[in-house]
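# Commentary on secondary and tertiary structure
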Amino acid sequence: MGIYEGSLPWEHAKGRCILIAEDNEINAEIMTIQLEDFGLKVDLAGNGQEAVDKFMGSAENEYALVIMDIMMPVMDGHEATEHIRNSGRLDSNLPIIAITANTFDAEEIISSGEMNSCITKPYNKRELYQAIIELIGE
């Protein structure tokens, strides 16, 4: 089965949990449906602080990956990523995909190495799939 049939091409990724930090409820809902179609579990955070709190309160390696919106209230994606990276946890280097509507942000994120990948809004399911497979696929 391929991407549009809703299954991941790697068995070990099925059932893994992805943390989504997204303040827009509609975007979060769409992404949740897409990730669940891929066979992944989803945990949602409505802002960067909530994402950091969820990460810090999780078991090590509970999250396979974080999808981090850049522009969020309370704490933005850059600051939240910095807190995760500097947490001192063994899994603080987990893959983080940035989501942004700003192309300039995308270029800066990739060149800085702050996050592992960046997708610009609006994105399509295939772009999301490719970013995930590159980071946690076979």
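No experiment lies behind these values; they were computed from the predicted model shown.

## Comments concerning the overall build of the protein
Tallying secondary structure elements over the protein gives five helices and five strands in all. For the protein, the succession of helices and strands along the chain, N to C, is β-α-β-α-β-α-β-α-β-α. Looking at the 138 residues of the protein, the share that counts as buried comes to 47%. Expressed as a percentage of contacts within the protein between residues at least 6 apart in sequence, the contacts between residues at least 24 apart total 68%. Summed over its atoms, the accessible surface of the protein is roughly 6900 Å², and 49% of this surface lies on carbon and sulfur atoms.

## Quick look at the confidence of the model for the protein
On average, residues of the protein score 87 in pLDDT, and 90% of them are at 70 or above. At the level of individual helices and strands, the protein shows its lowest average pLDDT in helix H4 (residues 103-112), which scores 76, and its highest in helix H2 (residues 48-57), which scores 98. Across residues 1-8, where pLDDT falls below 50, the model places 18 contacts with residues more than four positions away in sequence or in other chains.

## Here's the deal with the pattern of salt bridges
Any two side chains of opposite charge can pair, so long as their charged atoms come close to each other. All chains considered together, the criterion is met by five salt bridges. Residues aspartate 69 and lysine 121 are paired through a salt bridge, measuring 3.3 Å at the closest nitrogen-oxygen approach. Pair noted here: aspartate 69 is in strand S3 (residues 63-69) and lysine 121 is in the loop between strand S5 (117-120) and helix H5 (125-136), with a separation of 52 residues, a long-range link. On the accessibility criterion, aspartate 69 (4% relative accessible area) is buried.

## Structural notes on the environment of glutamate 79
For glutamate 79, the location among the structural elements is in helix H3 (residues 77-85). Put simply, glutamate 79 and valine 52 are 27 residues apart on the chain and 9.4 Å apart in space, counted from C-alpha to C-alpha.

Thresholds applied
- Once a new chain begins, its residue numbering starts again from 1 and follows that chain's sequence as written.
- A pLDDT threshold of at least 70 governs which residues receive local features in this predicted model, and a stricter bar of 80 or more applies before side-chain atom pairs are shown or counted, although totals over entire chains, interfaces and linings include all residues.
- With hydrogens and water excluded, all non-hydrogen atoms of the structure serve as input to the side-chain values.
- Numbering goes from the N terminus for both helices and strands, where a helix is a DSSP run of H or I of at least four residues and a strand is a run of E of at least two.
- For each residue, the accessible area found with a 1.4 Å probe, counting protein chains only, is set against the maximum for its type, and the residue is called buried under 20%, exposed over 50%, and partly exposed in between.
- Whether two residues are in contact is decided by their heavy atoms, any of which lying within 4.5 Å being enough.
- Note on areas: these come from Shrake-Rupley sampling with a 1.4 Å probe, and a residue is covered only by the protein chains present in the view.
- The pLDDT score gives, residue by residue, the confidence of the prediction method on a 0 to 100 scale.
- The salt bridge definition used is simple: a Lys or Arg side-chain nitrogen within 4 Å of an Asp or Glu carboxyl oxygen.

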